[in-house]
Amino acid sequence: MTTAAPPYRPRDFASDQQVRWCPGCGDYAILHVVQSVFASLGIPREQFVVVSGIGCASRLPYYLETYGFHTLHGRAPAIATGLALTRPELSVWIVTGDGDALSIGGNHLIHCLRRNVGVKILLFNNQVYGLTKGQYSPTSPRGMVSGSTPFGSVDAPLDPLRLALGAGATFVARTVDVLTRHLEEVLRAAATHRGAAFVEIYQNCNIFNDGAFDPLAGRDVRHDALVELHHGAPLRFGKDLDKGIVLTGAPLPAPVVATVAEVGEAALLVHDAHRDDATLAFLLAGMAAPALPVPIGIFRQVERPRFEEGVAEQISAAIRRQGPGDLAALLAGPETWEVE
Amino acid sequence: MGGVTHLDLRPVGTGRERQTVARAVIRFAGDSGDGMQVTGNRFAATAAVQGADLATLPDFPAEIRAPAGTLAGVSSFQIQFGGEEILTPGDRPDCLVAMNPAALKVHLPAVAPGGLVLVDDEAFAETHLRRAGYAANPLADDSLQGYGVVAVPMRRLTKEAVADCGLTNREAARCKNFFALGLVYWLFDRDPEPTRRWLERKFAARPELAQANRLALAAGLHVAEALELFPVVYRVGPAPAPPGRYRQITGADALALGLITAAAKAGRTLCYASYPITPASDLLHRLARYKNFGVVTFQAEDEIAAAGAAVGAAFGGALGACATSGPGLDLKSETLGLAVMAELPLVVIDAQRGGPSTGLPTKPEQSDLLHALFGRHGEAPLPVLAAATPGDGFAMAIAACRIALRYMTPVILLTDATLMNGAEPWPIPDPAAIPALDAPLHTDPATFLGPYQRDRSTLARPWVVPGTPALEHRIGGLEKEDVTGQVSYDPENHQRMVELRAEKVARVVAEVPPARLEEGAEGDDLLVVGWGSTLGTITEAARQARRRGRRVASLHLRYLHPLPANLGPLLGRFPRLLVAELNTGQLRWWLRARYGVEARGLNKVQGRPFQVAEVVAAIERELEAAP
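From a predicted model like this one, the values you see are computed outputs, not experimental measurements.

Visitor: Tell me about the overall build of chain A, and please be specific about residues and values.
Guide: Across its full length, chain A carries twelve helices and twelve strands. Projected onto the principal axes, the alpha-carbon positions of chain A cover approximately 95 × 50 × 45 Å. Each of the 340 residues in chain A was classed as buried or not, and the buried ones make up 56%. Sequence-distant contacts, at least 24 apart, represent 66% of the contacts inside chain A between residues at least 6 apart. Surface summary for chain A: the accessible area is close to 14,300 Å², and the carbon and sulfur share equals 55%. In chain A, the 28 positive side-chain charges and the 34 negative ones have mean positions that sit 2 Å from each other.

The structure is reproduced here in C-alpha cells:
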C-alpha cells in the first residue's frame, strides 16, 4: 500500500470545516504545522488516520482532510491500537490533551506505549481542562486556582514525559506550540519513528490558563529558560549559547548550569537519545524551571519491535507451520463420529 | 416415557448382569484440584463418540484452588447421556462419584433415591471429615442408607498402578481421577480407547504422564471387573440422530468457530479483543490458537480498551468482536454507544453470570437482558441475540456478525456460564453451505455523498475504510448531519438521526426467523416462554407435562431485539403465559412493554439452572390456577 504520493501542499490537508477553537488558541499553530508535516511525508493522503479522544485538542481531526475518528474521552490509544493491529500499513496519529491522555485515559496511554504500537501521539498540554470550562488538570501546578479548586489545587502534577519513559516509550519528545520550526522538526522525526512516538506539546489556552508557558517560551526568556536537545550535541543554551549543562555531584550526579567559557565545551553533558537505558532521558525530563532550563526536543529514540509486527509475525509463522486455515477441518475438530 | 428414569443401582449380588437403560445421569465431584472437569469432559466425549445424545453441566467455584477438602472448594461435572434425545444435564444424578467427604456432603442431597454413590474411602480420614463438617464418618454409619455405596481406595490403587512411571508421589496421586473414570467406564460399558488417544495428544510433551494416566484408567477398569464392584453393567445405546458427521462441542468452542467462520465468509479479518473475565476467557484462549486463520487476538489492558480496539479495528474494515461478562459489559457500555453513533459493526458477547457487581462469577444467570437492551445513555438501540444451547453459539455468532456487518451496528450476543462450559453432540456443518456475509463496503467517489448516506432497504451507512483514495472523511461520537456526516447540533437533525438509528435496528427484524412453538400448538391452555440456556429444560418439561395430558406449549426466543415479527400475535393466541427465566422477570417485563401482555413468571436466581421438575411443577401450578 505504499503507492507514490502526489506532491501535496499543506492546504491539501485542510478539510472544508470551519475551525472552531477560540481565537488565539495555541491549537491553530499546531494544526498548521501538522498539515505542513503531513504534506511533506510522501505518504498518500488516504493512508493517514487521525484518532482523537475528547477535549479541545481532540477536535483536530475534523480540520484535517484525512480519515479521522473522534472517539471517547481517553480511549483514543485503545481504539488506535485496534486499527494499527489490523491495518499496520496506515499512518495512525493520536491527538489528545492532558486531561484526556493522563487522567481519564492514563491506562490506555501507558499500555499503548509499553506495547510500542506504531502510532504517533500528540499530547497538547495546556495544564487545564478547556472544553469543560477551566478546571485544573493532572498537569496543573500545585496551588492552581480554578473553578473546581477555588482555594488552590492540592494535587501534585504528573510529568507526561517521565510517565511515558516509565511506560517504556521508544520515542519521547517535547516541543512548544509557538516554536513552529521546532514543532515541525519534532513531528517529522515522530512520523518516521517506527514504533510509538510520544510528543508533549506545550500549548497555550488563552481563555483558561493564558500565558502558562510564557516563563519558558516567551520571546524574551526562551533562550535562557529552554534548552534544545540534539542527539550527539552538548546541552548549550542562552542567547549566544554561552551557557551549558554539566553533571556534577555524588553519589548521583545532577544537572547544573555552567558557563561554557568557564568549564569548556568538553565538560558539557552530551545528549544521547539512542541510549538503550532511559536513565539520561529521565534525568533530562526532570530538569525543571526556574533552577534549570527546561529541555525541548527528542529525549529518547530507540528501536524496539512494533507490537503489530509481532502479532503479524505470529500469524504468518502459524500459516507457514500449519498452512492457511481450513474451515472444514476446523469445524470437524479432532474427534468425530458418523451417524448412519 | 414419563418422568425421570432412576436406575436401581443398589448392589444386590455379585453376578454380572447387563441392563440397557434409556438414559443416565452421572455427577463427578471432588476438590477443585481433583480434575473433575477433565474427568467429566472425557466421559462426555466418550459417550458422544459412541453415539449417545448428551448434555453437560460443569459447576465449579470461583476460587482456583479453595482450601483442600472444604465445602467451598468442591467442583463438579454432571452429564446426562442416553440412547434417546437428551435436552438437559438432568435434575438428579443416578450415580455420584465423590472423591472426598466435602464432595459427598455437598452433592449427596441431589442424588436420586436409590442412586449409586462411588467414593474414594481413603479420602474419608479424620481431618478431611472434619474439614467437610462431618462429625462421624458417613461411610461407617447409616448416613448413606437408601443409596448403593461402592467404596474403593482409589489413591492407593492408583499409586500402585503407576508405580513404575517415575512420577513423584504427588503426580501419581493426581492420576486417581482417571482411575475413577475407569470404574465408571466399566459400570456404563464405555470404550476407553478414545480417552487413551486423548491422553496421548494431551500429554504429548510428557509421555510419562500419558502412560501413568493410561495405567490408572486401565486399573479402574480392571478393579471394577476383578472385584465385581458393580452387580450390573448399564448399557446406553446410540441415540437416534439425523445422519451425518458429529463432534462434541462446548459453548466456547462453538462461539469461536462461529466468529472465525463469519469472518472468513465476510472476507474480513477477525479482530477479537478481550480482557480476562470468567466465564468469557475461554473464548480468548480458543481464538488465540487459530492464528493460521489470520485471527488477530488482543488481550487488552481493560474491558474498555478491549471494546475500543474492536471498534478501532472495525473502523479499519475488520470484523471487531469481544466477549465479556456482566462487570465487563458495564465498562463496554460507553464504547457500545460510540459504535451506535459511529454506526460501526461490532459484536459483543456477554457470558452472563450471577450479579450484581462481582456476584457469582462462575454461576449462570440471565440477568443482563435489560442491560443489553437498554444499558447505554441516550437513545442507543442495538440488536440483542441469545444462544440457546452450547452448539447453538455457532449459528448465533454468525447471525450476530451478519447483522452487525449488514446493518453497520453493534450487536450483543447473550450466552451464560452454563452454555460456555456445557457440551453437546453437534452435527458438523458444511462451511460451503453457509452463505457469505455481506457488508456495505464503498470505494467509489462518484456515488459517495457522505459517510451517512444510507442503503434504502437496510438504512446502513457505507463502510468506507481508511486507505480508500478520495473518500477521506471524519466520524465520531458527536451527532452527525444526515447524509454528510458533518458534526451537527441542529435540533431537527438530531431527532431525525435518533429516529433513523432506531428504524435501522427495527429493520433487523428482516433477519429474525418467525417465532415457532417448540412444543404444543396454538390454542393450548398455557404457553411457556423462555430464552437462552433454558431451552432444553423448558422443552423437556413441556414434553413431560404433555405426556400427562396437559395442554401446554413452549416457545424459545433467540432474538430479543428486534423480537420476531409474529411474536405479538402468537402470544395472543394463548390464554395464559408463563415466562421462565433465571432472573426476576426481565423478559416478562420486556414482553409486557412491547405487547401489553400479562404473563406470570417462573424466576430463579440461585446461580443454578432450572431443573425440569421445577418447570413441570410451575406448569401444573399455572394450569391449576386456571379460572
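Visitor: So, the nonpolar core: which residues are in play, and what are the values?
Guide: B:Leu344 and B:Leu587 are the most contacted members of the largest nonpolar core, which totals 153 residues. Here this core gets eleven residues from one element, more than from any other, and that element is helix H14 (residues 392-407) of chain B. Counting the residues that make up this core, at least three belong to each of domain 2 (248-433) and domain 3 (517-625) of chain B. Setting aside its immediate chain neighbours within four residues, B:Leu344 contacts A:Phe69, B:Val311, B:Ala314, B:Phe315, B:Ala339, B:Met408, B:Thr409, B:Pro410, B:Arg461, B:Trp463 and B:Ile475. By size, the runner-up hydrophobic cluster in this structure holds 59 residues, among which are B:Ala24, B:Met36, B:Ala210 and B:Tyr234.

Visitor: Describe the domain arrangement of chain B, with residues and values.
Guide: Residue and element names in this part refer to chain B. In terms of domains, chain B is made up of domain 1 (4-235), domain 2 (248-433) and domain 3 (517-625). Distance between the C-alpha centres of domain 2 and domain 3: 26 Å. Each partner contributes residues to the interface: domain 2 has 29 residues there, and domain 3 has 21 residues. Interface area for domain 2 against domain 3, summed over the two sides, is near 2,000 Å², with a carbon-plus-sulfur share of 65%. Of all residues in domain 2, the largest losses of buried area upon contact with domain 3 belong to Gln 366, Leu 369 and Ala 388, amounting jointly to 30% of the total for that side. Joining domain 2 to domain 3, the criterion identifies one salt bridge. Asp 392 is the partner of Arg 558 in a salt bridge, and the nearest nitrogen-oxygen pair spans 2.9 Å. The tally of links from domain 2 across to domain 3 stands at eleven residue pairs in polar contact (both at pLDDT 80 or more).

Visitor: Residue-level account of the interface of chain A and chain B, with values.
Guide: With 59 residues of chain A at the contact, the number on the chain B side is 72 residues. Buried area between chain A and chain B, summed over both chains or domains, comes out near 5,400 Å², and the portion from carbon and sulfur atoms is 62%. Among the residues of chain A in contact with chain B, A:Tyr67, A:Leu331 and A:Trp337 are the three that bury the most area, contributing 17% of the side total. Our count for the contact surface shared by chain A and chain B stands at six salt bridges. Among the salt bridges present, the one from A:Arg75 reaches B:Glu334, with a minimum N-O distance of 2.8 Å. Applying the counting rule to chain A against chain B returns 29 residue pairs in polar contact (both at pLDDT 80 or more). At the level of elements, strand S2 (67-70), helix H2 (76-86), helix H4 (106-115), helix H11 (307-322), helix H12 (327-332) and strand S12 (336-339) of chain A are the ones that each hand at least two residues to the side of chain A that touches chain B. A class-by-class count of the residues in the side of chain A that touches chain B yields 27 nonpolar, 19 polar and 13 charged.

Visitor: Tell me what's going on with unusual backbone geometry, and back it up with residues and numbers.
Guide: The amide bond that connects A:Ala289 to the next residue, A:Pro290, takes the cis arrangement and shows omega of 0°. Inspection of the secondary structure assignment puts A:Pro290 in the loop between helix H10 (279-285) and strand S11 (294-301). Of the consecutive residues B:Gly355 and B:Pro356, the connecting peptide bond is found in the cis state with omega at 5°. Relative to the helices and strands, B:Pro356 resides in the loop between strand S13 (346-352) and helix H13 (369-374). Notably, B:Ser357 is not glycine yet its phi reads approximately 55°, a positive angle.

Visitor: Pulling in residues and values, what's your account of the sheet that holds strand S18 (residues 517-519) of chain B?
Guide: Residue and element names in this part refer to chain B. Here we have five strands laid out as an open sheet, ordered S18-S20-S19-S22-S23, and mixed in their pairing. If you trace the sheet from one side to the other, it starts and ends with S18 and strand S23 (600-603), each paired once. Shown here is a sheet whose adjacent strand axes are inclined to one another by a mean of 30°, direction ignored. Summarising the sheet, strand S22 (residues 577-581) and S23 pair through four bridges and their orientation is parallel. In the strand pairing of S23, Glu 581 is matched with Asn 603. Strands strand S19 (526-531), strand S20 (552-557), S22 and S23 of the sheet are contacted by helix H20 (residues 612-624), whose axis makes an angle of about 160° with S23.

Visitor: For the side chain of B:Thr195, give the residues involved together with the corresponding values.
Guide: Residue and element names in this part refer to chain B. Counting through the fold element by element, Thr 195 comes out in helix H7 (residues 193-202). The buried category is assigned to Thr 195, whose relative accessible area is 0%. Excluding residues that lie within four positions of it along the chain, Thr 195 makes contacts with Arg 42, Thr 46, Phe 178, Leu 181, Tyr 185 and Leu 217.

Visitor: If you had to explain the pattern of salt bridges to someone new, which residues and values would you point to?
Guide: Summed over all chains, the structure comprises 51 salt bridges over all chains. The shortest N-O distance in the salt bridge between B:Arg245 and A:Glu338 comes to 2.3 Å. With B:Arg245 in strand S9 (residues 244-250) and A:Glu338 in strand S12, the pair connects residues from two separate chains. A salt bridge links B:Glu540 to B:Arg23; the shortest N-O distance between them is 3.9 Å. In this pair, B:Glu540 is assigned in helix H17 (residues 535-547) and B:Arg23 in strand S2 (residues 23-31), connecting sequence segments 517 residues apart. B:Glu540 sits in the buried class, given a relative accessible area of 6%. Salt bridges linked by common partners bring A:Arg194, A:Glu303, A:Arg306, A:Glu308 and A:Glu309 together as one network.

Visitor: Residues and numbers for the environment of A:Val302, please.
Guide: Residue and element names in this part refer to chain A. Here Val 302 shows up in the loop between S11 and H11. Taking the C-alpha atoms as reference, Val 302 lies 9.4 Å from Asp 277; in sequence the two are 25 residues apart. With sequence-adjacent residues up to four places away left out, Val 302 is seen in contact with Thr 170, His 193, Ala 273, His 274 and Arg 275.

Visitor: Hey, could you go over the state of the cysteines for me, with residue numbers and the actual values?
Guide: Residue and element names in this part refer to chain B. Tallying each qualifying case throughout the model produces zero disulfides over all chains. This cysteine, Cys 165, is not joined by any disulfide, and Cys 175 carries the nearest cysteine sulfur, 7.4 Å off. Here Cys 165 falls in the buried class, since its relative accessible area comes to 13%.

Visitor: Explain H7(B) to me, and be specific about the residues and the numbers.
Guide: Every buried residue of H7(B) is listed here: B:Pro194, B:Thr195, B:Trp198 and B:Leu199. Buried positions in H7(B), seen along its axis, are confined to an arc of 140° and lie on one side of it.

Visitor: Just give me the short version of the side chain of B:Ser333, but keep the residues and values in it.
Guide: Residue and element names in this part refer to chain B. Turning to its location among the elements, Ser 333 is positioned in helix H12 (residues 326-342). For Ser 333, the side chain forms a polar contact with the side chain of His 371, separated by 3.5 Å. Not counting residues within four places of it along the chain, the set of residues in contact with Ser 333 comprises His 371, Gly 375 and Arg 376.

Calculation notes
- Residues numbered from 1 in each chain as written.
- Chains lettered and ligands numbered in written order.
- Predicted model: local features only at pLDDT ≥ 70, side-chain atom pairs only at ≥ 80, totals over all residues.
- Heavy atoms only, no water.
- Helix = DSSP H or I, 4+ residues; strand = E, 2+ residues; numbered from the N terminus.
- Buried < 20%, exposed > 50% of the residue type's maximum accessible area, 1.4 Å probe, protein only.
- Contact = heavy atoms within 4.5 Å.
- Areas by Shrake-Rupley, 256 points an atom, 1.4 Å probe, with all protein chains shown as cover.
- Lys, Arg positive; Asp, Glu negative; His and termini not counted.
- Charge placed at Lys NZ, Arg CZ, Asp CG, Glu CD.
- Core = buried A, V, L, I, M, F, W, Y, C linked by side-chain atoms within 4.5 Å.
- Domains from an automatic or database assignment.
- Buried area = accessible area lost by both parts, 1.4 Å probe.
- Salt bridge = Lys/Arg side-chain N within 4 Å of Asp/Glu carboxyl O.
- Polar contact = N/O pair within 3.5 Å; in protein donor to acceptor, adjacent residues only side chain to side chain.
- Nonpolar A, V, L, I, M, F, W, Y, C, P; charged D, E, K, R; others polar.
- Pairing = 2+ DSSP bridges.
- Axes fitted to C-alpha atoms, helices over the stretch in contact; angles between N-to-C directions.
- Disulfide = S-S within 2.5 Å.
- Arc of directions from axis to C-beta.

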